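Geometric and topological summary
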Amino acid sequence: MSRFPFNIIKMMERQRSWRWDRTGIRYFRFEDEQAIHAVYASDTGKEKMMLIHGFGANGLLQWYDAARILKADYDVIVPDLLGSGSTIMRRDGYTIKDQVEHLKATLDFLGINEKIIVVGNSYGGLVAAHFAHHYPDLVSKLVLYDAPAKHYQLSYANQIAATMGMNNIEQLLIPPTPEVMKQSLKIIYHKVPYIPDFLFEAMFQEPDHIQMAHQKKLLDHLIACEKDYQTMEFQFKMPVHLIWGEYDLLIPLTTAFALKEEYNIPDERMVIIPNAAHAANMELPKEFCKALRDLIK
């Protein structure tokens, strides 16, 4: 079988990484007992902002356009979470606390000990909430972006998956075939962009079975410990902000309003992005970045 499509995917990743590097967002890796950690970061003396990706994604994929825009005003930190992208797990560690410690180790490696803005999307928002709870002295502002931090049941995702012809949440979050991945994009985007079929095929031609196995275990843990996470009593010592896509079907606006009520978040610290679904930072990066800047100024 030809490796041409696979090489195209790798070439696209290298090109994106190169473009980030040209803007000062550089790639770093470091090792410890937990993992080989991967992170992109810039360091120009500006206020720092950590952008945490969602489940099944990676930093370069999800924050590519938004990070380049935000770089004008902030030093950005874009980690790959455990079991994602170029971060390679060295031992079992599938809890949210493990992800939190991965982020803390990343900041330590970068020499960051001041307060930073933390933005987390979806699963990354759940991680961001726990990071802010455990390390409040490192977080100046917390932005939960289409995030199931609380007031969300995974059974809802199963229902959404069923409406798309999928068996369960696992197929939605870890698509097993190109056809299922195409369906899953209808949940991520309000208007799905055109992607050639050969690129879908390329993504499945030589899959990273180790990372896929890790993601399956991460999801299994979320399902097994759902009640524990949903009853978590967060103690946020910093301002909490909410960004949501108007048409997010996966984590609906009802979750955002429930978070707003529980944590007494004022109207001026919540924004709904029109004509966007679950990934406004990818679908409408300019609009997302403007909304984020206006929200936290």
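Residues numbered from 1 in each chain as written. Predicted model: local features only at pLDDT ≥ 70, side-chain atom pairs only at ≥ 80, totals over all residues. Heavy atoms only, no water.

With the rule as written, the count across this model stands at 15 salt bridges. For Asp220, the salt bridge goes to Lys216, with nearest N and O atoms at 2.9 Å. Of this pair, Asp220 and Lys216 both sit in helix α9 (residues 209-224), separated by 4 residues, roughly a single helical turn. Two residues, Lys260 and Asp267, come together in a salt bridge whose shortest N-O distance is 2.7 Å. By relative accessible area, Lys260 is classed as buried at 18%. (Salt bridge = Lys/Arg side-chain N within 4 Å of Asp/Glu carboxyl O. Helix = DSSP H or I, 4+ residues; strand = E, 2+ residues; numbered from the N terminus. Buried < 20%, exposed > 50% of the residue type's maximum accessible area, 1.4 Å probe, protein only.)

So, on to the nonpolar core. Soluble, globular proteins show a tendency: their nonpolar side chains are buried together. If you look at the biggest cluster of nonpolar residues, it comprises 59 residues, and the most contacted ones within it are Met50, Val118, Phe131, Leu142 and Leu144. The element best represented in this core is helix α4 (residues 123-134), accounting for 7 residues. In contact with Leu144, not counting residues within four places along its chain, are Gly120, Gly125, Ala129, Ala149, Val240, His241, Leu242, Ile243, Trp244 and Leu259. Residues Ile25, Leu60, Leu284 and Leu292 belong to the second largest nonpolar core, which totals 29 residues. (Core = buried A, V, L, I, M, F, W, Y, C linked by side-chain atoms within 4.5 Å. Contact = heavy atoms within 4.5 Å.)

Next up on the list: the environment of Gln99. Mapped onto the secondary structure, Gln99 falls in helix α3 (residues 96-110). You can call Gln99 buried: its relative accessible area is 0%. When the C-alpha positions of Gln99 and Leu82 are compared, they lie 6.2 Å apart, and in sequence the two are 17 residues distant. Residue contacts for Gln99: discarding those within four places in its chain leaves Leu81, Leu82, Tyr123, Val127 and Leu218.

Going through the model one piece at a time under the given rule, you end up with 13 aromatic pairs. Summarising the aromatic geometry, the rings of Phe131 and Tyr135 are spaced 5.5 Å apart at their centres and angled 40° between planes, so their arrangement reads as tilted. On the accessibility criterion, Phe131 (0% relative accessible area) is buried. These aromatic residues form a ring-pair network of at least three members: Trp20, Tyr27, Tyr40 and Tyr64. (Phe/Tyr/Trp six-rings, centres within 6.5 Å; stacked < 30°, edge-to-face > 60°.)

Attention now moves to unusual backbone geometry. One non-glycine residue, Asn264, lies in positive phi territory at about 50°. Relative to the helices and strands, Asn264 resides in the loop between α11 (253-262) and β9 (270-273). With phi around 60°, Asn275 is a residue other than glycine that occupies positive phi space. You can see Asn275 is positioned in the loop between β9 and α12 (280-283).

Successive residues of a regular strand alternate their side chains across the two faces of the sheet. Inspection of the sheet shows strand β1 (residues 26-31) paired to strand β2 (residues 35-41) by 6 bridges, in the antiparallel sense. If you follow Phe28 over to β2, its bridge partner there is Val39. Between β1 and β2, which follow one another and run antiparallel, lie 3 residues. (Pairing = 2+ DSSP bridges.)

The topology assignment puts Gln34 in the loop between β1 and β2. A distance of 3.1 Å separates a polar side-chain atom of Gln34 from the backbone oxygen of Asp98. (Polar contact = N/O pair within 3.5 Å; in protein donor to acceptor, adjacent residues only side chain to side chain.)

In this section: the environment of Val180. Relative to the elements of secondary structure, Val180 occurs in helix α7 (residues 178-188). Spatially, the C-alpha atom of Val180 lies 8.9 Å from that of Met164, the residues being 16 residues apart in sequence.

Below, the discussion takes up the pairing of strand β3 (residues 48-52). Judged by how many residues are buried, β3 sits mostly within the fold: 5 of 5 residues are covered. Going residue by residue along β3, you find Lys48, Met50 and Ile52 tucked away on one face and Met49 and Leu51 tucked away on the opposite face as well. As for the winding sense of the linkage, the β-α-β connection from β3 through helix α2 (residues 59-70) to strand β4 (residues 75-79) is right-handed. One ladder, built from 4 bridges, connects β3 with strand β6 (residues 116-121); its direction is parallel. Directly across from Met49, in β6, lies its bridge partner Ile117. (Right-handed = clockwise from strand over helix to strand, strands pointing away.)

Attention shifts here to the packing of α3 against α4. Helix packing for two helices is described by the angle between their axes and how far apart those axes are. Where α3 contacts α4, the two axes come as close as 9 Å, and the packing angle between them is 70°. Relative to α4, the element α3 lies roughly perpendicular. Contact residues: α3 offers Ile96, Lys97, Gln99, Val100, Leu103, Lys104 and Leu107, while α4 offers Tyr123, Leu126, Val127, His130, Phe131 and His134. Looking at the contact of α3 with α4 residue by residue, the class counts come to 8 nonpolar, 3 polar and 2 charged. (Axes fitted to C-alpha atoms, helices over the stretch in contact; angles between N-to-C directions. Parallel < 35°, antiparallel > 145°, perpendicular 65-115°, else oblique. Nonpolar A, V, L, I, M, F, W, Y, C, P; charged D, E, K, R; others polar.)

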